[in-house]
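Examination of the molecular architecture
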Amino acid sequence: MKADFYSDIEKAITSVRINTYKENNEETDIVLSRYLYNIEICRALYTPLHFFEICLRNSIDKTLSSFCNNQEWFSIIPLSDSGISKIDEAKKRISDNGKALTHERIVSELSLGFWTAFFSKKYATSAFQSKIIKQTFKYCPKSQKSSSNLQSTMEQIRNVRNRVYHYERICHWNDLEDKHTIILNCIKWMHPSVYELVLKTDTFLQVLGNGEKQFLPTIKENWN
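First, a word on scope: everything that follows refers to the structure included in this document.

Each value, and the rule that gives it
Residues numbered from 1 in each chain as written. Predicted model: local features only at pLDDT ≥ 70, side-chain atom pairs only at ≥ 80, totals over all residues. Heavy atoms only, no water. Helix = DSSP H or I, 4+ residues; strand = E, 2+ residues; numbered from the N terminus. Buried < 20%, exposed > 50% of the residue type's maximum accessible area, 1.4 Å probe, protein only. Expected span 1.5 Å × (residues − 1). Bend = angle between axes of the 7 residues up to and from the residue.

**Comments concerning the environment of P217**
- With respect to the secondary-structure elements, P217 resides in helix α12 (residues 216-223).
- For P217, a relative accessible area of 54% translates into the label exposed.
- It is 9.7 Å that separates the C-alpha atoms of P217 and D29, two residues lying 188 residues apart in sequence.

Structure (structure tokens):
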């Protein structure tokens, strides 16, 4: 690869970031191809992650609204200190943007970590946790429907989601296909119809199968 071209890319991205894609002093065109491959993997995961997060928060919100017989459940149920802080922070961000504090805005502003926390040990003795599990994952097999199993599953998905949304390297993970399957399964356990939609638009396995050298022809053709 032309040295000046790669140097400009490195300056824009920063050497610290792009160096995480280097292995065994490889040529720069391999490094850049791997970088682009990581972006494609993350992009392919965006659709299932999108539907997983939206379905999860809407289902929990609906369940807790019914449980409390009030849409303002976050002012009624005994949330953890962390949960209360996240509610307050969400309200502040909405207000700071000059928008009204509607129920829908508060729900959409809350982080994935807020929602996955409902499956953690901190809420194990709360009456609403079992209700959430039962209603949110109504199609989940009984063998996988325990709070401990779902907590582990939620943490795995949240980790993938955070890495993808913060543009970090994941292409070296050897269990990416398993992680992808976990996300799809959770969508299916919540809403089989959404699962069908995701399957028809999902490109992850194709992108993964193309491998990290899929961009080499374009790079060599244009910048060698």
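Structure shown, so let's carry the discussion forward.
**Some remarks on helix α3 (residues 28-68)**
- Compared with the 60 Å implied by 1.5 Å per residue over 41 residues, the 58 Å span of α3 between its first and last C-alpha is a close match.
- At Y46, α3 shows its largest kink, close to 35°, and the proline P48 lies no more than four residues downstream.
- Taken from the residues just after α3, N69 is the one with a positive phi, measuring 55°.

**What to know about unusual backbone geometry**
- A positive phi angle, near 55°, is found at N25, a position not held by glycine.
- Note that N25 resides in the loop between α2 (15-19) and α3.
- Even without being glycine, N69 reaches a positive phi, approximately 55°.
- Within the fold, N69 resides in the loop between α3 and α4 (81-96).

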